[in-house]
Amino acid sequence: MSTEPAAAEGHPGPADTDAPRAGQGAEATGPEETAAEEGAGAPDPADTDDGADAGAGAPAAEPTAEGEGVSEAAAEIAAQRELQERIAQRKAAKEGPIAAGGKLSGTAADLLAAVRAVESGERPAAVFSEPAPAPRKVVAEPVRRAPAAAPAGPAEPAAEAVDAVRALLAEGGAPASLAAPAAATLGEGADSALRDDPWQLLRIPGVRPEQADGFARALLGAECGPDDERRGRALTVWLLEQAAVAGHTALDAPLLAEALGKRAVPDPGEAVQSAIAEGDALVFQDALEEPPGGPARAPESTQETAAQDGSQDGDEAERPVRVLVGLERYALAEESLADGLARLVNSLSKDDSSQTLADWEPAAAAAAGSTAELIRAAAGHGLVLHTGAEAARAEPAALVQAAARLGLRVCAAAHSVDGRRRLAEHFGPGAPEGTAVTVSGLLSGTEGPGRDRDGALAVDLLVVLDAPQLDVETAAMLAESLPDGARLVLSGDPSVLWSAGPGRVFADLLAARVCPQIASRTPDPGPVGELVSGIGAGELNEVAAPGKEVVIVPVRDAAEAIHRAVQLVADSVPRAIGVPSEQTQVITPGHGGAAGTRALNAALKERLNPGPGRFGGFDPGDRIAYVPAPGRTVPGRVVRADADGLHLDCAGTPVVVPQDAVERTVRHGWALTAHQAVGLRWPAAVVVLPGDATQALSRPWVYTAFGRGERHLSVVHGADTALPRAVAEVPAKPRTTRLQTLLRAQVPPTQ
């Protein structure tokens, strides 16, 4: 590993950077300002201040240039709301709820009482109550639900409605810029809804609780108080939404109650129950699984309650439960995903109408190693998990080719255009059109084989690469779109950062062990591959790099970090490595800070494409990151601007961004965060680790950032000992999800 002298060109003066746009009130600060991309990392729902800061800037899905409206996954899950009654009926047909929790107290007992009140008909709440997963058995094959057509995006609010909301906002001292999003979010009669319940303002992306409190005080006067039931209910939903920004699909009830207490809600339990009764939130009882080799460990709150009650009376110990609260949107998504995956597992095992195992054996025999194992696993199972890094992508590609030779309808999907390109390289020019697609294109119908008369995807085998990027909504849409008897193979690197959206689908499936798991034995080549492999194992090793494949550039402060990063992109990497500037990507922990994406992009633009920024800060030739929906980043370049908006070239696809959406959906793209860069690869990568962003570092972050360069990696290192400590000691931040519980109740674990 080589080290480049830090003073090759002297030291710059103070960097000419843009200050982070913090504290901009209720207005959105730019695309993809999610918690995971800010220097502070993902929000902790228990720490409501941090969580609120991180989530406040996350914009709602903006209409794309093609008029898509909301993202495909969000549209599908919105349509699935109609299935809630059917889900409730199915659950009622299962075994009754577990007889546990009778010795709970405090918030958990209150929530459990709310569940039982609903079951008895005393309270009209929308509640899911999970049965105990034992005894486990293969259930009858669920009937596949026909995929609901994705609804069209929400219509633009009428001008009169926007004007009425604007007048009410002015009365309450809120920014007029919130009028259009408030009218669109709250729908018809938005002004009346806000007057009746001013805290509904929290439903608008970017609005903080203190801002909603101020709006409520202005409208309600002396009637406004922290104990207002409407306030507690709105804050409950807001906290659950902030938890979703951090990746959770539900929250432990005690954690939610603690967060409400920090927001000055006098009775957190009553606030949660009010949200449940109004249908704004759902409550779940999940029996805690007994781990192999010993009894299940009850949550601390349950153990403390038992100790206080002195419940050592010799009676049979009750099975502990976990009380969770979540939003309907993600509850339906996880429910739908579990049902869809169980259907795939069970339908293939009962009616393998495509090919017999003997038909697949010649293809497996012709392969070798983990590729042969993958082919055999896919031959006999409806769901298979495949793990491996970049070089391992050749194995699922070989599976797709083998299945195609057997006459099966095949399709392979990646999450980005760049991922689709890299996947297609494994197929070669002779692959049928539509074999390699993007996930969004497959679900929207713009790519791939299309759908059959029942609305299912016309495939017998679907391989999804970069599976850790699947959030619960997208995964649910994929599972529900597959026909009975189809095979689904999820392939990806479990060490990279998890999805931008809620859930940890791939990690949950690996932990649930309900299907075969094939681990690739194909390592990534070269010094960069060796370095990244060690990081995945928790070791930051020094690797031999005779061709300067890996270069460490130590720096003392943020100003020097910016100077050295610009020098590397503009001069050193093109000259020494032969990779031009336009193929070198800078990656840094966050958008803000002295060496965040804003500061780096400003310096890189000044050096590589200087200009006045006449089009909302952009000039023709600028590299950009286009974010049509939160969590979805598309690199591209500015072509021109006119009355229609900003014209972009995104991997060969022309995109026109309306003028009023440019600030929210387009950033300069010479520098990205690792969350934006996951799933993408460039010939060279320059990773900047400033000293003020060390708290954002973790093993998955470093693994992801260092793995973005195919031929070369430069590390502008100002993090000192925080880098090796993050690799060795800081794993992925936990996420609270329910997929494992839901799936294990329907599919027995494999050996």
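Placed above this text is the structure.
Residues numbered from 1 in each chain as written. Predicted model: local features only at pLDDT ≥ 70, side-chain atom pairs only at ≥ 80, totals over all residues. Heavy atoms only, no water.

A word on the overall build of the protein chain
Consideration 1: Looking only at helices and strands, one finds 28 helices and 20 strands in the protein chain.
Consideration 2: Here the protein chain, with 751 residues, has 55% of them falling under the buried criterion.
Consideration 3: The contacts of the protein chain with a sequence gap of at least 6 include a subset with a gap of at least 24, amounting to 77%. (Helix = DSSP H or I, 4+ residues; strand = E, 2+ residues; numbered from the N terminus. Buried < 20%, exposed > 50% of the residue type's maximum accessible area, 1.4 Å probe, protein only. Contact = heavy atoms within 4.5 Å.)

Side note on the packing of helix α14 (residues 357-366) against helix α15 (residues 369-380)
Consideration 1: Running from N to C, α14 and α15 point in directions that differ by 170°, and their axes come no closer than 9 Å. The angle between the axes of α14 and α15 places the two elements in the roughly antiparallel class. Between α14 and α15, the residues in contact are L357, W360, E361, A363, A364 and A365 and A372, I375, R376, A379 and G380, respectively.
Consideration 2: Counted by class, the contact of α14 with α15 contains eight nonpolar, one polar and two charged residues. (Axes fitted to C-alpha atoms, helices over the stretch in contact; angles between N-to-C directions. Parallel < 35°, antiparallel > 145°, perpendicular 65-115°, else oblique. Nonpolar A, V, L, I, M, F, W, Y, C, P; charged D, E, K, R; others polar.)

Regarding the environment of V410
Consideration 1: Counting through the fold element by element, V410 comes out in strand β6 (residues 410-414).
Consideration 2: A sequence separation of 22 residues divides V410 from P432, and the C-alpha atoms of the two residues are 9.6 Å apart.
Consideration 3: With near-sequence residues (within four places) excluded, V410 lies in contact with V400, A403, A404 and L461.

Focus: the sheet that holds strand β4 (residues 321-326)
Consideration 1: Ordered in space as β2-β4-β3, the three strands form an open sheet in which the pairing is antiparallel. Each having just a single partner strand, β2 (251-252) and β3 (282-287) make up the two edges of the open sheet.
Consideration 2: By the bridge criterion, six bridges tie β3 to β4 in an arrangement that is antiparallel. When the sheet's bridge partners are listed, F284 is paired in β4 with L324. (Pairing = 2+ DSSP bridges.)

So, helix α19 (residues 472-481)
Consideration 1: With 10 of 10 residues buried, α19 is to be regarded as a mostly interior element.
Consideration 2: Within α19 the residues assigned to the buried category are V472, E473, T474, A475, A476, M477, L478, A479, E480 and S481.
Consideration 3: Two or three places before E473, at the start of α19, stands the capping residue D471, its side-chain oxygen 3.0 Å from that residue's backbone nitrogen. (Polar contact = N/O pair within 3.5 Å; in protein donor to acceptor, adjacent residues only side chain to side chain.)

A look at the packing of aromatic side chains
Consideration 1: This model, assessed by the stated rule, comprises zero aromatic pairs.
Consideration 2: Above the ring of F284, the side-chain terminus of R738 is found at 3.8 Å from the ring centroid. (Phe/Tyr/Trp six-rings, centres within 6.5 Å; stacked < 30°, edge-to-face > 60°. Lys NZ or Arg CZ within 6 Å of the ring centre and 35° of its normal.)

Digging into the side chain of R504
Consideration 1: In this fold, R504 is placed in the loop between β9 (487-492) and α20 (505-512).
Consideration 2: Polar side-chain contacts of R504 include one of 2.8 Å to the side chain of D508.
Consideration 3: Other than its neighbours up to four places away in sequence, R504 contacts W498, A511, R735, T737 and Q740.

As for the environment of S481
Consideration 1: Secondary-structure assignment places S481 in helix α19.
Consideration 2: Within the structure, S481 has its side chain in polar contact with the backbone oxygen of M477 (distance 2.6 Å).

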